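# Breakdown of the fold
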Amino acid sequence: MMGENASLSTNQDSGRESVPEKSQQRERLASTTSRNSEKVQVRTFSSLRQHNFRLFWSGQLLSLMGSSIQSIGQIWLVLNLTHSGWQLGVVGALQALPVLLFTLFGGVFADRWSKRRILLLTQSAAMVQAFLFWLLLITSSVQLWHIYVLALLLGFTNSLDRPTRQAFVVELVGRTDLTNAIGLNSSIANLARIMGPALGGLIIAVTGITTLFLLNALSFLPVLVSLALIRRHELHAQTFQHLNIRQNAWQSLREGMAYVWNTPAVMLVIVVVGLGLLFGSNFGVVLPLFATDLLHVGSAGFGLLSAALGIGSLLSAFWLAWGNQQPTMRRLLMSMLLFCVLEVIFAATRIYLLSFVLIAGVGFTETAFAELAFTVLQMVAPDHLRGRVISVCIVSFDGSLPLGYLLLGWLSEHYGPSLALFIGALLTLLIVGIGWIWRISAEKNMVDSTHF
């Protein structure tokens, strides 16, 4: 009996002691979870610890949102004036054409001049373009040819702005946080794609198109202030200082093109991703037609579909920033494959909620493979050639869009937007297959050429 009582007493004591032990375990678990959460946040936003990049990132946010709002207004204005998918394609082509023709020289200038000063110039020019658009609208004098000219002028500005802005990231953060910074730099554009189209569609419904262009013009003020406040002595690698100044622009351009041609990893990214975007990424032409003709949701629904595209892209950008891993050709090509599958399903559906989810998935995968491609190029390219390599990339990714806009506009005019998008997705799938065969030599080149 005494033994049984002693055993019972021991079990009771053990039971009483288990309560504080369990409490301590819960506290340790909560503490570990909190630390892990803090690590995730630091890991995701590590490049924002640097003053210059934080200033640049926050300044760009409002500006890109304003540009996104204006793009919705421009598309809707052309649609109201013409009710033509072909005209939507023409305006998009005119805006993208200077990128095709002059971005290579923009890369040369980005390697030769102060990137901060170039961006001050280009952002000021874009602000003037938005003000001119607004003046035409408030005076009720806008005509289709005005839209052509202003779209062309914005394209000239972008041909210098885009390679400079992309190549400027490494000067802001250095090499250590480059992958993270590229993801976060992409996130501001994608956040603007979420809020801009939704706000644009609502503003059109409530006040009309005119307000959109005024808001865009005013949105350039924060980015101009942020560029003016950047601490120049804290920039990491001002590559224009190390360029051979005895070279003229054509010689510098040939040097950059020779490097691209002789670097397998760069060639695969530029050709495969460029052609994939050419055939599969022209949503600006067909998305308003899907909203009005197939899904019957009007301007507000069009804005929300565009916002869904941005939601997927934003999630993808944060996912890439959090991962902060070196990209591989396999991951890039698998992202392109999933992009094609989702686009084919989107082209076939007529259910608005399902279309919303699918277009978000399309945005996620499109941003994933596009930003993986940019990261590969930034990793492989040496400092003194980065502007020119990025400019070739932009010509391939963005400058080829005039042909894509015209092709998809023509297809949608004759066969409808659904079949046009379906054909583009199948062509992109073919390109992915070619890239999969080509990837082995490119992966070996990445290992040999990485400068991290």
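This text follows the structure it describes.
Below, the structure is looked at part by part. (Residues numbered from 1 in each chain as written. Predicted model: local features only at pLDDT ≥ 70, side-chain atom pairs only at ≥ 80, totals over all residues. Heavy atoms only, no water.)

One non-glycine residue with positive phi stands out, namely Ser 140, at about 55°. Relative to the elements of secondary structure, Ser 140 occurs in the loop between helix H4 (115–138) and helix H5 (144–173). In this model, His 296 sits at a positive phi of 55°, which is unusual for a non-glycine residue. By the element assignment, His 296 lies in the loop between helix H10 (283–294) and helix H11 (298–323). His 296 gets classed as exposed once you look at its relative accessible area, which sits at 62%. (Helix = DSSP H or I, 4+ residues; strand = E, 2+ residues; numbered from the N terminus. Buried < 20%, exposed > 50% of the residue type's maximum accessible area, 1.4 Å probe, protein only.)

It is worth spelling out the packing of aromatic side chains at this point. Throughout the structure, instances matching the rule amount to 12 aromatic pairs. With a centroid separation of 6.3 Å and 70° between ring planes, the pair formed by Phe 131 and Trp 134 is classed as edge-to-face. Here Phe 131 and its partner Trp 134 are both found in helix H4, three residues apart, which amounts to about one turn of the helix. Using a relative accessible area of 29% as the deciding quantity, one classes Phe 131 as partly exposed. With relative accessibility at 22%, the residue Trp 134 sits in the partly exposed group. Where Phe 374 meets Phe 397, the ring centres are 5.5 Å apart and the plane angle is 75°; that geometry is what we call edge-to-face. Separated by 23 residues along the polypeptide, Phe 374 in helix H13 (residues 352–380) and Phe 397 in helix H14 (residues 386–399) bring together distant segments of the chain. An identical accessibility class is assigned to Phe 374 and Phe 397; each is buried. (Phe/Tyr/Trp six-rings, centres within 6.5 Å; stacked < 30°, edge-to-face > 60°.)

H5 packs onto helix H2 (residues 51–82) with a crossing angle of 160° between their chain directions and a minimal axis gap of 13 Å. With respect to their mutual orientation, H2 and H5 come out roughly antiparallel. The interaxial crossing formed by H2 with H5 has left-handed handedness. On H5, the residues that touch Asn 52, Phe 53, Phe 56, Gln 60, Leu 64, Gln 70, Gln 74, Leu 77, Val 78, Leu 81 and Thr 82 of H2 are Leu 144, Ile 147, Ala 151, Leu 154, Arg 165, Phe 168, Val 169, Leu 172 and Val 173. Considered class by class, the residues forming the contact of H2 with H5 number 14 nonpolar, five polar and one charged. (Axes fitted to C-alpha atoms, helices over the stretch in contact; angles between N-to-C directions. Parallel < 35°, antiparallel > 145°, perpendicular 65-115°, else oblique. Left-handed = near helix turned anticlockwise from the far one by under 90°. Contact = heavy atoms within 4.5 Å. Nonpolar A, V, L, I, M, F, W, Y, C, P; charged D, E, K, R; others polar.)

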